[in-house]
Amino acid sequence: MRSLTAQRVLRDVEVLAHAGLDLDTFAEESVVSIGRALPHVGMCFGTVDPTTQLLTGTRKYGDLRGKDAHDAQWGVIEYGHPEPSAFLEMMRRDINALAIDTTGGRDSTRLAEFLEPHFGYSRELRMIMTDRSHVWGHASFFRGVDDAAFGDEDVALMASLSQPLAVGVRVGLLVGYAAEEVAPPSGPAVLIVGSDDAIHQLSTGAEQRLSELTTTTTEPSGTIMALVSAARRFAAGQVERPPRCRVRTRTGMWLVLHATPMSPRGDLSGDVVVTIDEARPPEIVPLVVAAFDLSPRERQVIEFVLQGVDTKEIAGAMHLSTYTVQDHLKSIFGKVSVRSRRELIARVYFDQYVPRMGTDVGPGGWFAG
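A brief structural summary.

Scoring rules and cut-offs
Residues numbered from 1 in each chain as written. Predicted model: local features only at pLDDT ≥ 70, side-chain atom pairs only at ≥ 80, totals over all residues. Heavy atoms only, no water. 1 Å grid on protein atoms, 1.4 Å probe; cavity = no way out; pocket = protein on both sides within 12 Å on 5 of 7 lines; lining within 4 Å. Points joined across faces, edges and corners; volume = space filled by probe spheres on them. Helix = DSSP H or I, 4+ residues; strand = E, 2+ residues; numbered from the N terminus. Nonpolar A, V, L, I, M, F, W, Y, C, P; charged D, E, K, R; others polar. Salt bridge = Lys/Arg side-chain N within 4 Å of Asp/Glu carboxyl O. Buried < 20%, exposed > 50% of the residue type's maximum accessible area, 1.4 Å probe, protein only. Axes fitted to C-alpha atoms, helices over the stretch in contact; angles between N-to-C directions. Parallel < 35°, antiparallel > 145°, perpendicular 65-115°, else oblique. Contact = heavy atoms within 4.5 Å. Pairing = 2+ DSSP bridges.

**Quick word on empty space enclosed by the protein**
Evaluated as defined, the whole model comprises three cavities of 30 Å³ or more. Its volume calculated, the largest cavity comes out at about 200 Å³. Forming the walls of the largest cavity are 20 residues, and the residues nearest its centre are Cys44, Lys60, Asp71, Trp74 and Phe142. If you list the elements that add at least two residues to the lining of the largest cavity, you get strand 1 (42–48), strand 2 (55–62), helix 3 (71–80), helix 5 (109–119) and strand 5 (134–144). Considering every element that reaches the lining of the largest cavity, the biggest residue donor is strand 5, with four residues. A class-by-class count of the residues in the lining of the largest cavity yields eleven nonpolar, six polar and three charged.

**With respect to the pattern of salt bridges**
As enumerated under the stated definition, the model contains 19 salt bridges in all. A salt bridge links Asp24 to Arg59; the nearest nitrogen and oxygen atoms lie 2.6 Å apart. Of this pair, Asp24 sits in helix 2 (residues 23–35) while Arg59 sits in strand 2, placing them 35 residues apart in sequence. Overall, Asp24 belongs to the partly exposed group, its relative accessible area being 29%. Here Arg59 falls in the buried class, since its relative accessible area comes to 10%. One salt bridge in this structure joins Arg123 and Asp101, with 2.5 Å as the shortest N-O distance. Residue Arg123 is located in strand 4 (residues 121–131), and its partner Asp101 is located in strand 3 (residues 97–101); the two are separated by 22 residues in the primary sequence. Residues joined in a network through salt bridges with shared partners are Glu78, Glu83, Arg110, Glu124 and Arg126.

**Here's the deal with the packing of helix 12 (residues 311–318) against helix 13 (residues 322–336)**
Two elements in contact, helix 12 and helix 13, have axes whose closest approach is 9 Å; the angle formed by their N-to-C orientations is 105°. Put simply, helix 12 runs roughly perpendicular to helix 13. Of the residues in helix 13, those touching helix 12 at Thr311, Lys312, Ile314 and Ala315 are Thr322, Val325, Gln326 and Leu329. Grouping the constituent residues of the contact of helix 12 with helix 13 by class yields four nonpolar, three polar and one charged.

**Structural notes on the pairing of strand 7 (residues 199–202)**
Looking at chain direction, strand 6 (residues 189–193) and strand 7 are connected through three bridges and run antiparallel. In the strand pairing of strand 7, Leu191 is matched with Leu202. Between strand 6 and strand 7, which pair antiparallel and follow one another directly, the connecting turn spans five residues, one of which, Asp197, has a positive phi of 70°.

**Re the sheet that holds strand 9 (residues 254–261)**
Neighbouring strands of a sheet are bound in pairs by backbone hydrogen bonds; such pairs are parallel or else antiparallel. Taken together, five strands build an open sheet; the order of strands is 7-6-10-9-8 and the sheet is antiparallel. Since the sheet does not close on itself, it has two edges, and those belong to strand 7 and strand 8 (244–248), each with one partner. With strand direction ignored, the average angle separating the axes of adjacent strands in the sheet is 20°. Against the sheet, helix 9 (residues 221–235) engages strand 6, strand 8, strand 9 and strand 10 (272–278), with an angle of about 40° to strand 9.

Shown next, in the form of structure tokens:
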């Protein structure tokens, strides 16, 4: 019986993933379906930047919904002091799902010192949402000490849902948003986060940017502190690059967030500057192209198309016949739901350009603030 229920859940999530739902609706309906086979007390559904693997948003369900979920503290723990069950470690080790239990020998500092004291959770099942080697999100399911432990069947179920959940997330990123008035560009916003993990200073416009990252289901504090913690690890020499991530706001606009440590190398607790700015086409196009589920060859072709290169030149650069390039274009048009190169370019750039049409263009070729 349990196997039949799991199969139905898998079919349900696969249907939802291809239904063209926005992220909120897809996450909500998927969690309801999963709950039929995987009872849980609380659940957190996170999205990540597929290039940098940093958190871009969270949605909470069960008894986590509407509560102070200590997102900032979670971000510090998850990204500042990663343990074997941390999402970044699971991605690195290609583990799609695992269970942790403070009572069963598979201990976790995050579970024992954060989740259990704050929420009473002593059992956690974590999973990664992966499609074609890109990670688009992750999820955690929680139970209390008096609930049954997550078993091997539970882990296998969530591992089987890794790909369809990832598809639903990347499709949700492409869904159009309801029209909403967008404030004119105001330049980068800057936050300074101190060693106590509190925001000490905000530049003009920073509160507006934070409000754009806030929805009825997600708060930006976890994303901000994930960046801050990753920046401190960069300062300590534990990672190679300062962190950044691209986030789509409630208006449908894309923002890019950077974090830079102000402390000397080796300091794991110093001040960090977080910059929030509007994403330019070169920053967002690769993410949007990846979300369309194109093959590696198709991605090469679309990169040339977005540069204005004609079919014959694309064929020469890729050492293909013009007929093969045309076949790739037909496949791309089908996946992106367009009929021409012009529609393709408009589809990729639509989100960033249309809200600014009619405003002044600056000397750098981008819309002026």
